[in-house]
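Structure at a glance
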Amino acid sequence: QVQLVESGGGLVQAGNSLRLSCVSSGRTVSAYTMAWFRRPPGKEREFVAGVNRLSTKLYSDSVKNRFAVSRDVENTVVLQMNDLKPDDTAVYICATMADRDLNVPRSASFYAYWGAGTQVTVSS
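Residues numbered from 1 in each chain as written. Predicted model: local features only at pLDDT ≥ 70, side-chain atom pairs only at ≥ 80, totals over all residues. Heavy atoms only, no water.

Moving on: the overall build of the chain. In terms of helices and strands, the chain carries zero helices and 11 strands. Compactness check: the chain gives a C-alpha radius of gyration of 13 Å against a globular reference of 14 Å for 124 residues, within 12% of the reference. Based on the C-alpha atoms only, the size of the chain along its principal axes is roughly 40 × 25 × 25 Å. A total of 124 residues make up the chain; the buried ones form 44% of that total. Split by element, the accessible area of the chain, about 6300 Å² in all, is 45% carbon and sulfur. Averaged over its 14 positive side-chain charges, the chain has a centre that lies 3 Å from the centre of its 11 negative ones. (Helix = DSSP H or I, 4+ residues; strand = E, 2+ residues; numbered from the N terminus. Rg over C-alpha atoms; globule rule 2.2 N^0.38 Å. Buried < 20%, exposed > 50% of the residue type's maximum accessible area, 1.4 Å probe, protein only. Areas by Shrake-Rupley, 256 points an atom, 1.4 Å probe, with all protein chains shown as cover. Lys, Arg positive; Asp, Glu negative; His and termini not counted. Charge placed at Lys NZ, Arg CZ, Asp CG, Glu CD.)

The structure is reproduced here in structure tokens:
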């Protein structure tokens, strides 16, 4: 069974950085597409960043050049978030696909496994 557990969220001031981690059990992250989504207060869940098994990365326009997704130590995917803005306030959620697909879909419907999320709050 695949389980994803996020950590690293918190309260920061605008302009600062946070590093989120997603630890996977039951799944080798290097073999599957891994993605980060976020759910801002009162809004729908949205794609943030993803990486496939060939290390091809995809970012939403709102975080491009500020956030970086990468694989870290064993079975961990990291989201490095720099120059945070109040609009980045959200619950950040890690996800992975069921199959070994080379795509990095922006739609949540393509992802089969989800973590519970970690809260990120950015104050102005």
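By definition, a disulfide is the covalent link that joins the sulfur atoms of two cysteine residues. Inspection of the entire model under this criterion finds one disulfide. Here Cys-22 is linked by a disulfide to Cys-94, with a sulfur-sulfur distance of 2.1 Å. Between Cys-22 and Cys-94 the sulfur-sulfur dihedral comes to about -80°; the bridge is accordingly left-handed. Separated by 72 residues along the polypeptide, Cys-22 in strand β3 (residues 18–25) and Cys-94 in strand β9 (residues 90–96) bring together distant segments of the chain. By relative accessible area, which is 0% here, Cys-22 ends up buried. (Disulfide = S-S within 2.5 Å.)

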